Every structure is written in structure tokens, then in C-alpha cells.
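Chain residues, written in single-letter form:
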Amino acid sequence: MSGEMGNGPGEQSEGPSKAKQGQSRAEKRFETSIAYFERAAKVIPGGIYGSKSPGFLVPGHFPYYLSHAKGSRIVDVDGNEFIDYLCGYGSQIVGYGNPAVDEPALAQARKGDLLNQPHPVMVELAERLVGLVDGMDWAVFVKNGTDATTLATSIARADTGKQIIIAAEGAYHGAANWCSTNVFPVFTQAEQRDVRYFPYNDVAALEALFRQHREKIACVILTPYHHPTYKPQQLPTPEFIATVERLCHSEGAYFIMDDIRANFRLSMKGSHSFFGAHPEMITMGKALANGYPLSVLLGTEGLKKTASSFFITGTYWMSAVPMIAAMATLDEMERLGGTERLAQLGRMLKEGLESLGREAGFSARISGPLAIPYLTFDEDPDLFLNQRFCAAMADRGVFMHPHHNWFISLAHTEEDIAQTLEAARGAFAELRD
Ligand SMILES: Cc1ncc(COP(=O)(O)O)c(C=O)c1O
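These lines cover the structure that appears in this document, whether it is placed above or below. Remember, predicted model here, so these are calculated numbers, not experimental data.

### Concerning the pairing of strand β3 (residues 81-84)
Alright, step 1. Because side chains alternate across β3, one face comprises the buried residues Glu81 and Ile83, and the other comprises Phe82 and Asp84, equally buried.
Alright, step 2. Both strand β2 (residues 73-76) and β3 contribute to a ladder of three bridges, which runs antiparallel. Bridge assignment links Arg73 to a residue of β3, and that residue is Ile83.

### Thoughts on the side chain of His404
Alright, step 1. Tracing the backbone through its elements, the reader meets His404 in the loop between β13 (398-399) and α14 (414-432).
Alright, step 2. On the accessibility criterion, His404 (16% relative accessible area) is buried.
Alright, step 3. Excluding anything up to four places from it in sequence, His404 contacts Leu86, Tyr89, Arg261 and Tyr374.

### Remarks on the sheet that holds strand β1 (residues 66-70)
Alright, step 1. The sheet built from four strands is open, its strands ordered β1-β2-β3-β13 with mixed pairing. What marks the edges here is a single partner per strand, and that holds for β1 and β13.
Alright, step 2. Along the sheet, α14 makes contact with β2, β3 and β13, crossing β3 at roughly 110 degrees.

### Brief notes about the sheet that holds strand β4 (residues 138-142)
Alright, step 1. Taken together, the seven strands give an open sheet; going across it, the order is β4-β10-β9-β8-β7-β5-β6, and neighbouring strands pair in mixed fashion. A strand with exactly one partner marks an edge of an open sheet, and here the two such strands are β4 and β6 (195-198). If you compare each strand with its neighbour and ignore which way they point, the axes differ by 20 degrees on average.
Alright, step 2. As defined by bridge partners, β4 adjoins strand β10 (residues 295-299) across five bridges and the pair is classed as antiparallel. Across the sheet, the residue bridging to Val140 is Leu297, located in β10.

### Observations regarding the site of the ligand
Alright, step 1. Close to the ligand lie Asn144, Gly145, Thr146, Tyr172, His173, Gly174, Thr223, His227, Asp258, Ile260, Arg261 and Lys286.
Alright, step 2. Asp258 is positioned such that a nitrogen or oxygen atom in its side chain is 2.6 Å from a nitrogen atom of the ligand.
Alright, step 3. Lys286 places a polar side-chain atom, nitrogen or oxygen, 3.2 Å from an oxygen atom of the ligand.
Alright, step 4. For the shell around the ligand, a count of residues per class yields two nonpolar, seven polar and three charged.

### Topic: the nonpolar core
Alright, step 1. Phe264, Leu353, Phe389, Met400 and Phe428 are the most contacted members of the largest nonpolar core, which has 104 residues in total.
Alright, step 2. The element best represented in this core is helix α11 (residues 320-335), accounting for ten residues.
Alright, step 3. Among the domains, domain 1 (9-84 + 338-432) and domain 2 (99-335) are the pair contributing at least three residues each to this core.
Alright, step 4. Once you skip the residues sitting within four places of it in the chain, Phe264 turns out to touch Ile93, Leu129, Leu132, Val133, Met284, Leu288, Leu330, Met333 and Thr339.
Alright, step 5. Judged by nonpolar contacts, the second largest core, of 24 residues, contains Val142, Ala176, Val195 and Leu303.

### With respect to helix α12 (residues 338-359)
Alright, step 1. With 22 residues, α12 ought to run about 32 Å at 1.5 Å a step, and its terminal C-alpha atoms sit 32 Å apart, in line with that.
Alright, step 2. All of the buried residues in α12 are Gly338, Thr339, Leu342, Leu345, Gly346, Leu349, Gly352, Leu353, Glu354, Leu356 and Gly357.
Alright, step 3. On the buried face of α12, the contacting elements are α11, β11 (364-367), α13 (384-395) and α14.
Alright, step 4. A positive backbone phi angle near 90 degrees is found at Gly361, which sits one or two residues after α12.

### Thoughts on the packing of aromatic side chains
Alright, step 1. Counted under the stated rule, the structure contains 14 aromatic pairs.
Alright, step 2. Aromatic side chains Tyr36 and Tyr65 sit 5.7 Å apart centroid to centroid with 50 degrees between the ring planes, which places their arrangement in the tilted category. Of this pair, Tyr36 sits in helix α2 (residues 31-43) while Tyr65 sits in the loop between α2 and β1, and the two are 29 residues apart along the sequence.
Alright, step 3. Take Tyr65: its relative accessible area is 22%, and that puts it in the partly exposed class.
Alright, step 4. Connected via pairs of aromatic rings, a cluster forms that spans Phe362, Phe377, Phe389 and Phe428.

### Overview of unusual backbone geometry
Alright, step 1. The backbone of Glu215 shows a phi angle near 65 degrees, a positive value even though the residue is not glycine.
Alright, step 2. Topologically, Glu215 is positioned in the loop between α7 (203-212) and β7 (217-222).
Alright, step 3. Taking the relative accessible area as the measure of exposure, Glu215 reaches 63% and is therefore exposed.

Calculation rules
- Residues numbered from 1 in each chain as written.
- Predicted model: local features only at pLDDT ≥ 70, side-chain atom pairs only at ≥ 80, totals over all residues.
- Heavy atoms only, no water.
- Buried < 20%, exposed > 50% of the residue type's maximum accessible area, 1.4 Å probe, protein only.
- Helix = DSSP H or I, 4+ residues; strand = E, 2+ residues; numbered from the N terminus.
- Pairing = 2+ DSSP bridges.
- Contact = heavy atoms within 4.5 Å.
- Axes fitted to C-alpha atoms, helices over the stretch in contact; angles between N-to-C directions.
- Near = heavy atom within 4 Å.
- Polar contact = N/O pair within 3.5 Å; in protein donor to acceptor, adjacent residues only side chain to side chain.
- Nonpolar A, V, L, I, M, F, W, Y, C, P; charged D, E, K, R; others polar.
- Core = buried A, V, L, I, M, F, W, Y, C linked by side-chain atoms within 4.5 Å.
- Domains from an automatic or database assignment.
- Expected span 1.5 Å × (residues − 1).
- Phe/Tyr/Trp six-rings, centres within 6.5 Å; stacked < 30°, edge-to-face > 60°.

Below, the structure is given as C-alpha cells:
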């Protein structure tokens with residue numbers, strides 16, 4: 001694939017400075033990336049945080065460092081270009097470098113971003129989100145999704161005077177000690193003592209937890225659909241949603257919907273409205289400002305007094321540029337009929353991949369919402385086939401994470417999907433052979 005932004009993998013320039021003798025093809029292709037990683041490993045713990053790079057899973061097929069991006073394409077530090085289906089871990093919903101977002105954001109950056117007092121856009125964005133997202137009456141802006149989920153659970157605890165948080169097994173709500181499964185056991189034991197888990201969609205297990213911890217439950221925090229790593233994604237059943245709401249109401253506990261990953265990819269009114277749920281608090285982030293750092297906690301009137309009593313602050317939390325970017329992202333999503341368009345592109349990708357997989361003799365299955373697809377192979381519970389497939393796609397200039405769900409953006413085109421499916425035809429054939 002050749003792109004306007006750099007060399008495609010098949011036609012990478014290997015000038016004399018790059019092609020050292022004895023290097024493998026992969027080492028040559030990612031020479032600069034590897035050199036940066038070696039430097040990083042000396043001065044940054046782990047080199048890259050949170051094992052974020054698929055290059056750790058399938059070395060030699062993915063870059064470690066990217067240099068720039070535009071629309072649906074990313075370019076690494078060696079000049080390799082990829083059609084990107086990770087979209088900055090979901091943050092890019094209207095495409096990298098979209099001028100409709102960047103121009104107003106950069107104009108504000110030149111005028112001043114982080115001021116002593118909030119910029120009026122903070123009020124405008126809060127009003128807009130309260131008007132847009134079903135059932136919500138107030139908004140608090142933070143930086144990371146983890147800030148929002150942590151604040152939501154803290155407000156639920158403060159308001160109820162109860163401690164226990166109920167969450168679904170395998171759900172990701174951030175990297176704080178209360179919810180992360182990857183912290184040292186010494187923190188986990190202390191800070192997760194009051195977090196109880198049950199299998200998503202399992203009504204009986206949830207009822208049992210409510211019976212067991214009667215009068216001690218502050219909240220249930222759930223993602224609108226279940227997106228565990230390594231497993232097919234699960235949509236909520238209506239019975240499950242109804243049970244969560246019934247139990248929360250009867251117990252005086254709050255229902256928090258963590259919509260950070262799906263954000264506006266399912267509905268402009270929030271994913272809870274797509275699934276007919278009525279949470280009292282909602283967290284959003286990632287795509288809220290098309291990659292500018294911003295997340296939000298939204299809540300209902302009944303919780304506003306408690307939220308007001310919280311010491312809510314952070315040095316960067318009132319920065320204006322991301323809020324300007326969020327307003328422009330919402331404009332762009334509304335102007336382009338964003339959610340329908342994303343689903344349409346996602347359907348093309350899903351149907352194409354599943355059918356190419358079948359033709360090649362594999363049971364490739366795409367689960368999850370159309371705009372947030374997740375690939376599994378029925379015959380491959382350990383995900384080795386996933387890794388080999390995504391490696392083969394990366395070799396063909398398509399960036400798909402083997403263990404994480406993918407994202408579609410409004411910058412993806414039918415042409416991108418067609419090129420992706422052409423690459424997939426080759427990747428499936430390589431796996432089969
Ligand atoms: C559902 C969900 N909640 C919370 C988070 C944490 O957000 P952040 O990484 O911005 O802290 C994520 C991030 O992937 C997420 O998907």
C-alpha cells in the first residue's frame with residue numbers, strides 16, 4: 001500500500017544508513033523505532049507504559065513509535081504508513097488532524113489554554129452535554145477516564161455512606177488502585193477489599209451479591225456493553241439492565257455507567273440510551289474531544305449536592321483547548337450523522353472480514369458494536385491466531401491490535417475498508433498456508 005504520507009511497507013526506502021548488514025527485514029523496517037525503544041528502556045520504566053504496543057505481543061510486525069497521523073492513517077518514525085484501526089485507543093472519532101477540530105483548538109491555544117479561571121467554553125460544554133446526554137443534569141470535567149470513574153465511585157460512596165462497589169469481572173475502569181488488576185497485591189488487597197465482581201449479564205450472580213452485602217452497597221459500575229480483553233464482547237440483555245436498576249433502587253445504591261470506551265460511537269445521547277438504561281452517573285472520555293485530553297463525569301440532580309461538596313480539582317482540569325475541541329468534535333459528529341456512518345463502515349468491515357475468514361476456512365468472528373469491532377477466532381481461545389492475523393495485517397499496512405477492540409473513525413472511507421479487506425484476503429491466505 002502506498003500512501004501520501006510516507007512509504008508503504010512494500011516500498012520502504014532502505015537507504016544506506018538504514019540497511020545495515022545482517023539485519024532482518026523487520027529490523028530494517030522498524031530500525032528507528034527499535035533504536036528509540038532501546039533508549040527508552042534506559043530512562044522510562046518499561047520503555048512504553050502499560051504494554052500498550054502490539055509490538056510487545058508480536059515483535060517485528062509493529063512499530064514502537066509513531067511520528068504523525070492524518071485522517072485514518074498513522075505513520076511511524078521509520079516512515080511506514082498504516083490504515084489505523086486503533087484510533088488513539090478510541091480517542092479519534094472524527095479522524096486524526098481533522099481541521100474542523102484542530103483549527104478552533106489551535107486558535108484558542110494561541111490565545112491561552114490554561115488560565116487562572118475557567119474559560120466560558122467550560123459552561124457551554126457542560127450545558128451542551130447536559131442537553132445532549134439522556135437524563136444527566138450536571139458535568140464535571142477531568143483529564144483521564146480514570147479520574148472520572150474514581151470520582152463517580154467516590155461520590156456514590158460519600159452520598160450513600162456505604163463502601164461496596166460492584167463491578168463486572170474483566171471490566172476495565174481505569175488504572176487506579178481501586179479498579180486496576182495490574183497493581184501490586186499490597187495495594188490491591190487494601191484498596192480493592194470493598195470491590196466485588198460478578199460475571200456481566202449474570203442476573204443470578206448479581207442478585208446473590210446484593211443479598212450477601214445488603215445495606216453496604218454504594219454503587220454498581222458497568223460499561224454499557226462488556227468489552228473484556230481476550231474474549232468476545234457481550235451486549236447487555238434487557239433483563240440484566242432491568243435487574244441492575246431494580247436492585248440499585250431497592251438497595252439505595254447508584255448505577256454508574258462507564259461509557260468511556262464507546263462514548264459517542266453508539267449514540268449521541270450516550271450508550272445507556274442505546275441500551276435503554278437509566279444510570280445516575282455516566283463517565284465519558286476518549287473520543288469526547290477527538291484526542292485532546294478531556295473526560296467528564298455526568299450526573300443526575302439528586303447527586304449534585306454531594307458532588308458540590310467534593311474537593312474537585314487538578315492543575316490541568318480547566319484547560320480550555322480540549323473543551324473547544326470537544327465542542328467542535330460534537331459539531332462534526334452531528335454534521336456528518338456520525339454514529340450511523342460509523343456503524344455503516346463497521347458493518348462493511350465486519351461482513352467482509354467474516355466472509356473472507358470463512359472462505360479461507362477460519363471461523364473469524366467480529367463481536368461488539370459495529371463501530372468498535374473485536375476479532376476472535378472460534379478455534380483460537382489463546383489468541384495466537386489473532387496475533388498472527390494482526391501481524392500479517394500490519395505487514396500489509398493495516399494496524400489492528402490483536403488483543404484490544406478496534407475503532408472506526410469518520411475519517412475511514414469505503415476505500416480504506418476495501419484496502420483493508422484486500423489485505424485481509426492475503427493475511428488469511430498466509431495463515432492458512
Ligand atoms: C471503559 C473504560 N473505563 C475507563 C478507562 C480509563 O480511561 P483512561 O485511560 O483515560 O484513564 C478506559 C480506558 O480504556 C475504558 O475503556
